[in-house]
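Tertiary structure, described
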Amino acid sequence: MQRLKLLHPTSDMETDSSLLTSEMEQLKQEELYHQLLMQTMGEVQHPKPDSRVIRPEPGMCVKTSSILDEQKVFVNICQSPAVPPPPHISNEELLELLQSDDPTAYRVPMSLGEPHTELDNNSQGCTAYDVVINNEFFQKCQKDPLFLQFVIAVSFEGLENKYSVELSREWKVMKNRKFLGSISEQNIRTQSKPSIQELSPSDSHTAPTEAKRPEFCLIVEPPIGDPEYLIAEIQLPGVTSSRSLLLDLGEDRLVLTARPSLFHLDCYFPLNIDPETSAAQYNKDTQILTVTMTVVPS
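As annotated in an unreviewed UniProt entry, the protein is PIH1 domain-containing protein 1 from Anguilla anguilla. Among the UniProt annotations of the protein, the heading Sequence similarities (unreviewed entry) holds the following wording: "Belongs to the PIH1 family."

Below you can see the structure in the form of structure tokens.
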């Protein structure tokens, strides 16, 4: 998931088209030619900007099943220092959070790999998923049953939302197996903050004392035909500056937090988007955050 960076430009800031020099265009053409050549040779597979390829280490293998067809499913929970750790939280705080109305307030950074077909111990076909979390957080889960149950539940939920599957909550950790199949490389994002531009100022407002879900709407452009953009308009009354906004954007998910404890929004999209080419603007007059997201063609 990509985090939107908070920028504070002046209201009269303009784009200088002279930056697009002929030299830059030539470099782009040379880079495009190089990528096409390497892809033809089978040496490059769709490199993404602001990302890196990692090879995670084995961790533990969790066995469950899909509810729809009752087929075996294995979730390989792997570890890597390249994935950032979640914020520190104690057992008491985690237990209190799980019993609250908004347990999603505590998020665990993770990379969800594509499903791959494997053979189980009985040489029967099954589906496996690879989930990568921070290596230090993985060790904490190994030592603490509460954190272990939590990270497995979060992994299941993430896979269900991303791949439209439904997994049984009856699971067990395989004792003598840390990984099913072969470990594959994963592409993780290294830049976590695209831009939020702040527009004209307005008078200050009194902030609410507890976080609540803001009103918002999603707009598809163009309204007819293949969608090119998905636009989210989020109303944030009482927010006087984009400095208090924390916006995370994934391929099918938006998470917004207005600090301190003003608003919290966590929603999934019906379309896949490209976070790298998305942008956001916060208008201090209307107190509306507009997030314009590029739709990935299906």
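Next up on the list: the pattern of salt bridges. Counting across every chain of the model gives 3 salt bridges. Between Arg253 and Asp266 there is a salt bridge, with its nearest N and O atoms 2.6 Å apart. Here the residue Arg253 occupies a position in strand E14 (residues 253-258), and Asp266 occupies one in strand E15 (residues 263-268), the gap between them amounting to 13 residues. For the pair Arg253 and Asp266, one class covers both residues: buried.

We now examine unusual backbone geometry. Apart from glycine, the bulk of residues carry a negative phi angle, and the bulk of peptide bonds sit in the trans form. At the junction of Glu221 and Pro222, the peptide bond is cis and its omega measures out at -10 degrees in the coordinates. Within the fold, Pro222 resides in the loop between strand E11 (216-221) and strand E12 (229-235). One non-glycine residue, Glu70, lies in the positive phi region at around 60 degrees. Its place among the elements puts Glu70 in the loop between strand E3 (57-65) and strand E4 (72-80). Non-glycine residue Gln287 carries a positive phi angle of around 55 degrees. By secondary structure assignment, the location of Gln287 is in the loop between strand E16 (273-283) and strand E17 (288-295). Judged by its relative accessible area of 6%, Gln287 falls in the buried class.

Rules of the game
- Every chain is numbered on its own, with residues counted from 1 as its sequence reads.
- A pLDDT threshold of at least 70 governs which residues receive local features in this predicted model, and a stricter bar of 80 or more applies before side-chain atom pairs are shown or counted, although totals over entire chains, interfaces and linings include all residues.
- Computation of side-chain values covers all heavy atoms of the structure but excludes hydrogens and water.
- UniProt positions are given in the numbering used here, feature names are shortened, and annotations may be inferred rather than shown by experiment.
- We define a salt bridge as a side-chain nitrogen of Lys or Arg found within 4 Å of a carboxyl oxygen belonging to Asp or Glu.
- Counting from the N terminus, the helices are DSSP H or I runs at least four residues long and the strands are E runs at least two residues long.
- Using a 1.4 Å probe on the protein chains alone, a residue whose accessible area is under 20% of its type maximum counts as buried, one over 50% counts as exposed, and one in between counts as partly exposed.

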